[in-house]
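So the chains spell out like this:
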Amino acid sequence: QQQVRQSPQSLTVWEGETAILNCSYEDSTFNYFPWYQQFPGEGPALLISIRSVSDKKEDGRFTIFFNKREKKLSLHITDSQPGDSATYFCAASAVGSSGNKLIFGIGTLLSVKP
Amino acid sequence: NSKVIQTPRYLVKGQGQKAKMRCIPEKGHPVVFWYQQNKNNEFKFLINFQNQEVLQQIDMTEKRFSAECPSNSPCSLEIQSSEAGDSALYLCASSLGGPAEQFFGPGTRLTVL
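Residues numbered from 1 in each chain as written. Chains lettered and ligands numbered in written order. Predicted model: local features only at pLDDT ≥ 70, side-chain atom pairs only at ≥ 80, totals over all residues. Heavy atoms only, no water.

(A) Geometry of the interface of chain A and chain B. With 21 residues of chain A at the interface, the matching set in chain B holds 22 residues. Summed over both partners, the interface of chain A with chain B comes to about 1,600 Å²; 55% of that surface belongs to carbon and sulfur atoms. It is A:Pro44, A:Lys101 and A:Phe104 that lose the most area in chain A upon contact with chain B, and together they represent 26% of the buried surface on that side. If you look at where chain A meets chain B, you find zero salt bridges. For the pair chain A and chain B, the interface holds five residue pairs in polar contact (both at pLDDT 80 or more). Looking at the side of chain A that touches chain B, the elements with two or more residues in it are β4 (32-38), β5 (45-51) and β9 (86-92) of chain A. Residues belonging to the side of chain A that touches chain B are distributed by class as follows: nine nonpolar, nine polar and three charged. (Contact = heavy atoms within 4.5 Å. Buried area = accessible area lost by both parts, 1.4 Å probe. Salt bridge = Lys/Arg side-chain N within 4 Å of Asp/Glu carboxyl O. Polar contact = N/O pair within 3.5 Å; in protein donor to acceptor, adjacent residues only side chain to side chain. Helix = DSSP H or I, 4+ residues; strand = E, 2+ residues; numbered from the N terminus. Nonpolar A, V, L, I, M, F, W, Y, C, P; charged D, E, K, R; others polar.)

See the structure below:
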């Protein structure tokens, strides 16, 4: 079963708009949630992450909103740029157990039109 | 930018052949992870090490897959007898350990004909 779910599978926004990518999880022991950005032919690059003790994390144009009660989080990309076009993966881990392996969603393909 | 080095970038093997890929973690990172990313973007954790010791591995790696992280040498992942279903991007990630982030290399794209 899918422990980390992402929606939508694909998203198209215009340059300058805010892209909202959603993620939900099932395992209540998950306490660390990184988002990775992956371009074709490359490995995933860590974009921003949040721990379950926080409900918001901001880094430039990227913000994670986290709702522990509902087991949901979202990545907001403000002022989207064509260079942001990539696949974004939400991941989760129960830090401190299981060797900290990451469980990934299947990604959201973001396309930013100029 | 990640400084995890993976070689080769591309690997083509016939069914039944051995496939071996290598990973040099970021300097100072004692923890190394191997993941498999298939064409449907599904990631599967394979194995992880702290220094030279295995922390955790899935059942699959106990059969046809083997991995090691020897001291002062690159880590490696080897598939003893490749199958078509092994075709995927194999990703190595390294970490300082504990709650620290994982940083990925560019991956080795394995194609099994």
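(B) Here's a closer look at the nonpolar core. By size, the foremost hydrophobic cluster in this structure holds 27 residues, and its most contacted members are A:Trp35, A:Leu73, A:Leu75 and A:Tyr88. At the level of secondary structure, the elements contributing two or more residues to this core comprise β2 (10-14), β3 (19-25), β4, β5, β7 (62-67), β8 (72-77), β9 and β11 (108-113) of chain A. (Core = buried A, V, L, I, M, F, W, Y, C linked by side-chain atoms within 4.5 Å. Buried < 20%, exposed > 50% of the residue type's maximum accessible area, 1.4 Å probe, protein only.)

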